[in-house]
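Working through the structure, step by step
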Amino acid sequence: AQSVAQPEDQVNVAEGNPLTVKCTYSVSGNPYLFWYVQYPNRGLQFLLKYITGDNLVKGSYGFEAEFNKSQTSFHLKKPSALVSDSALYFCAVRDFLLFGTDKLIFGTGTRLQVFP
Amino acid sequence: DAMVIQNPRYQVTQFGKPVTLSCSQTLNHNVMYWYQQKSSQAPKLLFHYYDKDFNNEADTPDNFQSRRPNTSFCFLDIRSPGLGDAAMYLCATSRGSGSGTDTQYFGPGTRLTVL
């Protein structure tokens, strides 16, 4: 069964410092991996995805993620954190269902707190 | 421009009183999903539609039903809400191309309170 793990419930970082939010995966077959962000009382916003190709994936709002097959990881990164990046971050892996459809299996989420 | 719209954003209902949540999309996507998210937990898929084909997750309670009258709209019906059904309900859509590369786009969610 497909799964992802986010080992940290919360990550604290000072504004201007680099940030990393960790995600590891366990899949059968090729991994299709996603990062979403959720602000309070809002839906999930898509940040980026890895399907195939370059291991470094660039996404929205200056975020990027590094796919590492040997370590089965897909960590989210940003070179310089902003206070406005404070939110709940979810890593997800695709699980295929019927033709043309699939579902996302989400990690438990990591709360990012960026301090001024 | 809003692409996945959910109404209402906040819904309060009484224990056992049926409630309907709605979702609409302007993306013309084939697939629509309903997720339940409790108190900062991971979203959990309840069911999804590929066009008019309904697909229920095995562990979705019978208390939850869904309708998709056309491509743009999808409804979540909770027949007899219990206190444990209080949650954020998220609607999402995807193209359903079959390529495996589709992104799911989420609406803002409806927060349901059960009194």
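Residues numbered from 1 in each chain as written. Chains lettered and ligands numbered in written order. Predicted model: local features only at pLDDT ≥ 70, side-chain atom pairs only at ≥ 80, totals over all residues. Heavy atoms only, no water.

**Side note on the overall build of chain B**
The criterion, for reference: Under the scheme used here, helices are H or I runs from DSSP no shorter than 4 residues and strands are E runs no shorter than 2 residues, and both carry numbers assigned from the N terminus. Surface exposure here means Shrake-Rupley accessible area, sampled with a 1.4 Å probe, where a residue is shielded only by the protein chains that are shown. Positive charges come from Lys and Arg, negative ones from Asp and Glu, while His and the chain ends are left out of the count. For this purpose, a charge sits on NZ of Lys, CZ of Arg, CG of Asp or CD of Glu.
Within chain B, the regular secondary structure consists of 0 helices and 11 strands. Projected onto the principal axes, the alpha-carbon positions of chain B cover approximately 40 × 35 × 30 Å. For chain B, the computed accessible surface area is about 5300 Å², with 49% contributed by carbon and sulfur atoms. Across chain B, the 10 positively charged side chains and the 9 negatively charged ones have centroids separated by 7 Å.

**Side note on the sheet that holds strand 8 (residues 73–78) of chain B**
All names here are of chain B. Applied cut-off: Strands are treated as partners if at least two bridges between them are detected by DSSP. Angles shown run from 0 to 180 degrees and are taken between the N-to-C directions of axes, each axis being a line fitted to C-alpha atoms and, for helices, limited to the stretch in contact.
Spatially, the 4 strands line up as an open sheet ordered 1-3-8-7, and their pairing is antiparallel. A single partner strand is all that each edge strand has here, and the edge strands are strand 1 (4–7) and strand 7 (64–67). Adjacent strand axes in the sheet meet at a mean angle of 20°, parallel and antiparallel pairs treated alike. Note that strand 1 and strand 3 (residues 19–25) share 4 bridges and pair antiparallel.

**As for the side chain of K78 of chain A**
Our working rule: Under the rule applied, a polar contact is a pair of N or O atoms within 3.5 Å (in protein, one hydrogen donor and one hydrogen acceptor; residues adjacent in sequence only if both atoms are side-chain atoms).
Within the secondary structure, K78 of chain A sits in strand 9 (residues 73–78). Within the structure, K78 of chain A has its side chain in polar contact with the side chain of D85 of chain A (distance 2.8 Å).

**Some points on the pattern of salt bridges**
All names here are of chain B. We apply this condition: Salt bridge, as used here, is a side-chain nitrogen of Lys or Arg placed within 4 Å of a carboxyl oxygen of Asp or Glu.
One pass over the full model with this rule turns up 8 salt bridges over all chains. A salt bridge links K44 to D59; the shortest N-O distance between them is 3.1 Å. With K44 in strand 5 (residues 44–50) and D59 in the loop between strand 6 (53–56) and strand 7, this pair connects stretches of sequence that are 15 residues apart.

**Some words on the interface of chain B and chain A**
Put simply, the test is: In what follows, a contact means two residues having at least one pair of non-hydrogen atoms within 4.5 Å. Buried area: the accessible surface (1.4 Å probe) lost by two parts on joining, summed over both. Think of it as three bins: nonpolar holds Ala, Val, Leu, Ile, Met, Phe, Trp, Tyr, Cys and Pro, charged holds Asp, Glu, Lys and Arg, and polar takes everything else, Gly as well.
Opposite the 30 residues of chain B that make contact, chain A presents 27 residues. Where chain B abuts chain A, roughly 2100 Å² becomes buried across the two surfaces, and 52% of that area is made up of carbon and sulfur atoms. Linking chain B with chain A are 1 salt bridge. The residue E57 of chain B makes a salt bridge to K103 of chain A at a minimum N-O spacing of 2.6 Å. Linking chain B with chain A are 10 residue pairs in polar contact (both at pLDDT 80 or more), by the criterion used here. It is strand 4 (residues 31–37) of chain B that provides the largest number of residues to the side of chain B that touches chain A, a total of 4 residues. Among the residues forming the side of chain B that touches chain A, the class breakdown is 12 nonpolar, 14 polar and 4 charged.

**Description of the side chain of Q36 of chain B**
All names here are of chain B. Cut-off, in case you're wondering: Exposed residues in this analysis have more than 50% of their type's maximum accessible area, buried residues have under 20%, and partly exposed residues fall in between, with area computed by a 1.4 Å probe over protein chains only.
Note that Q36 resides in strand 4. With relative accessibility at 12%, the residue Q36 sits in the buried group. Here the side chain of Q36 touches Y89 through a polar contact of 3.0 Å, side chain to side chain. With residues near it in sequence (within four places) discarded, Q36 still touches A42, P43, K44, L46, F64, D85, A87, M88 and Y89.

**As for the state of the cysteines**
Here is the rule we go by: A pair of cysteine sulfur atoms is labelled a disulfide when the two atoms are within 2.5 Å.
Overall, the coordinates contain 2 disulfides over all chains when judged by the stated rule. The residue that forms a disulfide with C23 of chain A is C91 of chain A, at a sulfur-sulfur distance of 2.0 Å. In this structure, the disulfide formed by C23 of chain A and C91 of chain A twists by about -60° around the S-S bond and is classed as left-handed. Remark: C91 of chain A occurs in strand 10 (residues 87–96) and C23 of chain A occurs in the loop between strand 3 (19–21) and strand 4 (24–26); sequence separation between them is 68 residues. Of the two residues examined, C23 of chain A and C91 of chain A, each falls in the buried class. Between the sulfur of C23 of chain B and that of C91 of chain B lies a disulfide, 2.0 Å long from S to S.

**Things to note about the nonpolar core**
Residue and element names in this part refer to chain A. Put simply, the test is: Residues belong to a common nonpolar core when they are buried Ala, Val, Leu, Ile, Met, Phe, Trp, Tyr or Cys residues joined through side-chain atoms within 4.5 Å.
Counting 26 residues, the largest nonpolar core has W35, L47, L48, F74, L76 and Y89 as the members making the most contacts within it. Going through the elements one at a time, strand 2 (10–14), strand 3, strand 5 (33–38), strand 6 (44–50), strand 8 (64–68), strand 9, strand 10 and strand 12 (110–115) are the ones with two or more residues in this core. Ranked by residue count, the leading element in this core is strand 10, at 4 residues.

These values are about where atoms sit, not about what they do.
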